[in-house]
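Observations on the three-dimensional arrangement
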Amino acid sequence: MDEKAYTPDEVAQIFQISKHTVYELIKRGELQAFKIGNKMRIENAELERFKENMKAPAKKQPAEQSSPRSNTIIPIRLSGSHDFLVEHFAKQAARDLNLQIQPSFIGSLEGLMMLYRGQSDIAAVHLLDPASQEYNLPFIHQLFVYESILVIRLAVREQGFIVAKGNPKSILDFTDLTRKDIQFINRQKGAGTRFLLDSKLSGYGINPSKINGYGNEEWNHLSAASYISRGIADVTFGIHSAASHLGLDFVPVAKEQFDLVFRFTAENKHSLTELIQYLQSASFKDSLHDLEGYSIEDLGKIIYQTEELV
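Calculation rules
Residues numbered from 1 in each chain as written. Predicted model: local features only at pLDDT ≥ 70, side-chain atom pairs only at ≥ 80, totals over all residues. Heavy atoms only, no water. Buried < 20%, exposed > 50% of the residue type's maximum accessible area, 1.4 Å probe, protein only. Helix = DSSP H or I, 4+ residues; strand = E, 2+ residues; numbered from the N terminus. Arc of directions from axis to C-beta. Contact = heavy atoms within 4.5 Å. Core = buried A, V, L, I, M, F, W, Y, C linked by side-chain atoms within 4.5 Å.

With a phi close to 55°, asparagine 98 is a non-glycine residue in the positive phi region. Asparagine 98 sits in the exposed class, given a relative accessible area of 64%.

Another aspect to go through is helix H5 (residues 108–116). For H5, every residue scored as buried is listed here: Ser108, Gly111, Leu112, Met114 and Leu115. Projected down its long axis, H5 shows its buried positions confined to an angular sector of 155°, all on one face. In this structure, the buried side of H5 is in contact with strand S4 (76–80), strand S6 (122–125), helix H6 (137–143), helix H7 (192–204) and strand S13 (249–264). Immediately beyond the C-terminal end of H5, within one or two residues, lies glycine 118, with a positive phi of roughly 80°.

In this section: the nonpolar core. If you look at the biggest cluster of nonpolar residues, it comprises 46 residues, and the most contacted ones within it are Ile101, Leu154, Leu260, Phe262 and Leu275. Residue contributions to this core peak at eight residues, all from helix H4 (residues 84–97). Setting aside chain neighbours within four positions, we find leucine 260 in contact with Val86, Phe89, Ile122, Ala123, Ala124, Leu150, Val151, Ile152, Leu154 and Leu279. Core analysis: the next-biggest nonpolar cluster, separate from the first, contains 19 residues, Leu128, Phe161, Val235 and Val251 among them.

Structurally, the position occupied by proline 8 is in helix H1 (residues 8–15). For proline 8, a relative accessible area of 5% translates into the label buried. For the pair proline 8 and isoleucine 42, spaced 34 residues apart in the sequence, the C-alpha separation amounts to 7.4 Å. Discounting residues that sit within four places of it in the chain, proline 8 has contacts with Lys19, Val22, Tyr23, Met40 and Ile42.

This is the structure in structure tokens:
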């Protein structure tokens, strides 16, 4: 999961082409890329695949021999929260099912809104509803009334305080965030982690203005945690696995439900059905490693589906 990823500028230099050409290749689906926030990245494995395709001469099939499915395959767009298991799922499924999957890690709320607007096919979400204290379904029920929707559990994740090794500032609860000697780094508005944090602060009666660094935002768990590993901040609120990736300490606070929301259309139904079967397969579960901070007991469990899919 720690494979190097390149920027479009770096890819342009490698292939001696313009950055504009790189973006065109991505747009046409010839080069697969993913987003973290508003930054585009291309994995090394994808560059190697693209190189091999460039070496191989194109073989033109007679029209009558062309596969009917090859003319109907469209990229599957996955939007929402950044998560290591989601990354792994997208990579494995794209390889094993020969699908194009285009991830865009822009936060749970915006990912769900993109699904609602028809701009993505799958949303990765972990949104806590402050009123009901229930994850994901209250938002889904409000947005999707007539659409064909299926919600599947990916994992239960541990959220908490990510701190330096040994927790030198002794950060144990939310009241510690208001101390003058504590520098915080936050997640962006719309992130599920931000929803959970703000709900906890409200429950403790803590005014965010009392937290040094509350307005400083990062777009994914690793970026936020890197502030701690570099000594720029003392604490962030995030997932256990991000702390483990960077050798940091973790103070558990809550467990959350992380789900994948599939929206079916005539164009994507075949591919989404394949993806769901793959997600529920024993082979995918066996491929999961480094699961500190995750529980996958309910992996693949259907949480909700519309009547049209029953």
